[in-house]
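Now for the letters of each chain:
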Amino acid sequence: MANLTLVEAVNQALAWEMAHDETVVVFGEDVGVNGGVFRATVGLQEKFGIERVFDTPLAEAMIAGLSVGMATQGFKPVPEVQFMGFIYPALDQIVSHASRMRNRTRGRLTCPMVLRAPFGTGIRAPEHHSESTEAFFAHMPGVRVVIPSSPVRAYGLLLSAIRDPDPVVFLEPKRIYRAFRQEVPDNGEGLPLDKAFVTRPGTDVTLITWGASALETWNAAGELADEGIDCEVMDLATVSPMDKETILESVSRTGRAVIVHEAAISGGLGGEVAAVLASEGLYSLEAPVIRVGGYDAVPPLARMEYGYIPGVQRIKDAVHECMES
Amino acid sequence: MPVVAQFEITYTQFLDEHGKAQQELPEFAADADEMARMYRFMHLTRVFDRRCINLQRTGQVGTIASSNGHEAAQIGLAAAMRPEDVLAPSYREHGAVIWRGVRMSQLLAVWGGDERGHNWDGARHDFPYCVPIATQCLHAAGAALAFKMRGDEACAVALCGDGATSEGAFYEALNAAGAMNLPVVFWVTNNRYAISMPVEGQTAAQTLAQKAIAVGISGEQVDGNDLIAVRNAAEIATQRARSGGGATLVEALSYRLADHTTADDATRYRPDEEVEQASRRAPLHRMKRFMEARFGWTDEQETALIEELEAEVEKEVEAYLATPRPKIEEIFEHQFANMPAALEAQREIARRYPVPD
Ligand SMILES: Cc1ncc(C[n+]2csc(CCOP(=O)(O)OP(=O)(O)O)c2C)c(N)n1
Ligand SMILES: [Mg+2]
């Protein structure tokens, strides 16, 4: 069994699926010879050939648009956009076409494609390399937005995303690309989409999170346990469509919820979770739902980036506030 | 069948790789002071760049893009611009930006992760470094439209790379410039690579300059490592723009002599021999030969110049390192002219949490 980082698990999933499904193709900027700027696609061109793993001209609208075209004709494109901050030219193709091809043609043409992109802050990168705008995509009906937060889930969710008959935007939290390792058996077993994962059972409060924030949330839960607060931690994983059932079930037991994400708080998906709780779980709530997120400011450059994202202390303070009300 | 349209793309070089004149030189090349000034800035660009890389290695700035190999393309272009023109640079164009009057300490701030650097002194109406590829080409076209509408005798200059010519924004900017007859120059420094992608992978076109033809603007290719060819082309293109003659696309042939950025390892995708060969054609090398032959430039002068520039850069590095850290409040203060109450509340929360260094 392999002890892998998150980015290595992405690579392992791509390799598995390419070996087992010859319609899967990988392309994008610098994914071939260079193996991706984060090395997510390293070795794939050697293994599967330049026909199935190739570098494209530098154009994101083109990458997404080609994918739509290929997907409708029997391929499963798994393109990479180098950073989420450069995904916006592709937005048009995703929102205007990939997300609605099935619906528009009443199922005649479909778009089984997975657009992968690293996202989030925390690596001292230049401007536009730190965005967390998953909510843009979650707002589009017809597209799934999947975010792994561990090597095991990266592997299993990516396999399922590729096998899914509909378009998936697969966002990889680059801050934790190499933060820790896990045993990730290369058995080709997918993990369910549209399902939240409880990563730590608890009874006092439910912490709902995704992406790189899962790390601080997990650490906060550990420190809170020492104080006698027993947190349940939930990784939403598929942030759209959202797994309401798991959220509601958990909060029906704990009675309290704190939502933690890195994206700007206003219009962020924490609001969607809170709305689910307000409309369908109000009677199990013993305290107001609290959201902890990035501020409503441009993700700052390196000097301030760790002031922007929710840190362990901010999460703990939010939990205390929730416990005390 | 009748030929309905025919085009050609010219290539201009004045100095060969040994600094020898290949044809009669333009007037400015006889101006010893002006040539010395440009040569000095080319060296300054190199010295600054070297120091940047070194600061990155020691963790004092973040990921940074090197301008190694671009010295002639940047300085020759910037030198042809007037203060009232506007520059829309990509992230690699430190030399051009410094020539325009921006302090090196402020550029270091940008690469050191501090937004205040972009609120730079000098060249106040120039655009900040642009990271999303090719998007600045549209801004330059828009600035040019503003000049045109106001009747200003000024032009806008967008700087981008070979990879940028594949983006929709690049084509849209060129097309707008043609359709609206805008006073703008699109300057493509073709350094042969977009990260790992060689230019042959970007396009099947023989030149990038010919993309001008499709939109009805002027296009030409120059030796981007030849300061004189660059300055000459830039003067013609900017003058054409300012005098209502329309837009120009210049493709400056060069080579990226460094990794793409400090986060890149170019040995993964290009052979050492290629880099070695290209470094023999490096712009500074060529200019040195020229300065020696034309103006009796000596090795002693060269050494003294580099020492002087190193000291100048060091002062800027010190100024950068001595700048107090930004405060977390600042990330809120420039979101809007008038801060919404909700944001003010967030600022108060942020104040409570120390930012780890
Ligand atoms: C829209 C967009 N896509 C991708 C990137 C990531 N990226 C940064 S630089 C670069 C290559 C640019 O190559 P080129 O235009 O030739 O300029 P050079 O870096 O060689 O100066 C890429 C793909 C980006 N910054 N913006
Ligand atoms: Mg280039």
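Residues numbered from 1 in each chain as written. Chains lettered and ligands numbered in written order. Predicted model: local features only at pLDDT ≥ 70, side-chain atom pairs only at ≥ 80, totals over all residues. Heavy atoms only, no water.

Colleague: Hey, could you run me through the overall build of chain B in this one?
Modeller: Along the backbone of chain B there are 14 helices and eight strands. Here the C-alpha radius of gyration of chain B, 21 Å, is about what a compact globule of 357 residues would show, namely 21 Å. Considered along the principal axes of its C-alpha atoms, chain B spans approximately 75 × 55 × 40 Å. Counting all 357 residues of chain B, 56% fall into the buried class. As displayed, chain B has an accessible area near 15,300 Å², and 51% of this comes from carbon and sulfur atoms. Counting 35 positive and 52 negative side-chain charges, chain B places the averaged centre of each group 2 Å from the other. (Helix = DSSP H or I, 4+ residues; strand = E, 2+ residues; numbered from the N terminus. Rg over C-alpha atoms; globule rule 2.2 N^0.38 Å. Buried < 20%, exposed > 50% of the residue type's maximum accessible area, 1.4 Å probe, protein only. Areas by Shrake-Rupley, 256 points an atom, 1.4 Å probe, with all protein chains shown as cover. Lys, Arg positive; Asp, Glu negative; His and termini not counted. Charge placed at Lys NZ, Arg CZ, Asp CG, Glu CD.)

Colleague: I keep staring at the site of ligand 1 and nothing clicks. Help me out?
Modeller: Within the structure, ligand 1 sits among 20 residues, and A:E60, B:Y91, B:R92, B:G163 and B:Y193 are positioned closest to it. Near ligand 1, the surrounding residues belong to chains A and B. Within the contact set of ligand 1, an oxygen atom lies 2.6 Å away from a side-chain nitrogen or oxygen of B:Y91. Take B:D162: an N or O atom from its side chain is 2.9 Å from an oxygen atom of ligand 1. For ligand 1, whose unbound accessible area comes to 570 Å², protein coverage reaches 96%. The residue makeup of the shell around ligand 1, split by class, is 10 nonpolar, five polar and five charged. (Near = heavy atom within 4 Å. Polar contact = N/O pair within 3.5 Å; in protein donor to acceptor, adjacent residues only side chain to side chain. Nonpolar A, V, L, I, M, F, W, Y, C, P; charged D, E, K, R; others polar.)

Colleague: It is not clear to me how helix α12 (residues 312-324) of chain A should be interpreted in this structure. Could you clarify?
Modeller: Owing to its 3.6 residues per turn, the α-helix aligns residues three or four sequence positions apart on the same side. Here α12(A) contains 13 residues, and its C-alpha end-to-end distance of 18 Å stays within 8% of the 18 Å for a straight helix at 1.5 Å per residue. Residues of α12(A) that are buried: A:R314, A:I315, A:K316, A:A318, A:V319 and A:C322. (Expected span 1.5 Å × (residues − 1).)

Colleague: Could you clarify how one ought to interpret the coordination of the magnesium ion (ligand 2) in this entry?
Modeller: Around a metal, the perfect tetrahedron of four donors has angles of 109.5 degrees, and the perfect octahedron of six donors has angles of 90 or 180 degrees. Residues and elements named next belong to chain B. Surrounding the magnesium ion (ligand 2) are the protein donor atoms D162 (OD), N191 (OD1) and Y193 (O), which sit 2.0 to 2.1 Å from the metal. Mapping the donors of the magnesium ion (ligand 2) onto the primary sequence gives the spacing D-x28-N-x1-Y. Here N191 lies in the loop between β4 (184-190) and β5 (193-194) and D162 lies in the loop between β3 (156-161) and α6 (168-179), a separation of 29 residues in the sequence. The residues D162 and N191 share a single accessibility class, namely buried. (Donors = N, O, S within 2.8 Å, 3.2 Å for Na, K, Ca; no water.)

Colleague: It is not clear to me how the domain arrangement of chain A should be interpreted in this structure. Could you clarify?
Modeller: One frequent convention defines the size of an interface as the accessible area lost when the parts assemble. Residue and element names in this part refer to chain A. Segmentation of chain A into domains returns domain 1 (2-184) and domain 2 (197-324). One C-alpha centre belongs to domain 1, the other to domain 2, and the line joining them spans 26 Å. On the domain 2 side, the residues contacting the 28 residues of domain 1 number 26 residues. Contact between domain 1 and domain 2 buries roughly 2,100 Å² in total, counting both sides, with carbon and sulfur atoms accounting for 59%. Contact with domain 2 buries surface across domain 1, with T121, R153 and R175 losing the most and accounting together for 26% of the total. In this structure, the salt-bridge partner of E262 is R175, at a minimum N-O distance of 3.0 Å. One can count 13 residue pairs in polar contact (both at pLDDT 80 or more) joining domain 1 with domain 2. Going through the elements one at a time, α6 (134-138), β6 (144-146) and α7 (151-163) are the ones with two or more residues in the side of domain 1 that touches domain 2. Across the side of domain 1 that touches domain 2, the residue classes break down as 15 nonpolar, six polar and seven charged. (Domains from an automatic or database assignment. Contact = heavy atoms within 4.5 Å. Buried area = accessible area lost by both parts, 1.4 Å probe. Salt bridge = Lys/Arg side-chain N within 4 Å of Asp/Glu carboxyl O.)

Colleague: Would you take a moment to explain the packing of helix α5 (residues 135-150) of chain B against α6(B) for this structure?
Modeller: Pairs of packed helices are described in terms of their axes, by the angle between the two and the distance that separates them. All names here are of chain B. Close contact between α5 and α6 brings their axes to 7 Å; oriented N to C, the two are set at 20°. Comparing the axis directions of α5 and α6 gives the class roughly parallel. α6 is crossed by α5, and the crossing has left-handed handedness. Contacts from T135, C137, L138 and A141 in α5 reach A169, F170, E172 and A173 in α6. Partitioning the contact of α5 with α6 into residue classes produces six nonpolar, one polar and one charged. (Axes fitted to C-alpha atoms, helices over the stretch in contact; angles between N-to-C directions. Parallel < 35°, antiparallel > 145°, perpendicular 65-115°, else oblique. Left-handed = near helix turned anticlockwise from the far one by under 90°.)

Colleague: Looking at this structure, how should I read the domain arrangement of chain B?
Modeller: The domain architecture assigned to chain B consists of domain 1 (11-325) and domain 2 (327-357). The gap between the C-alpha centroids of domain 1 of chain B and domain 2 of chain B is 36 Å.

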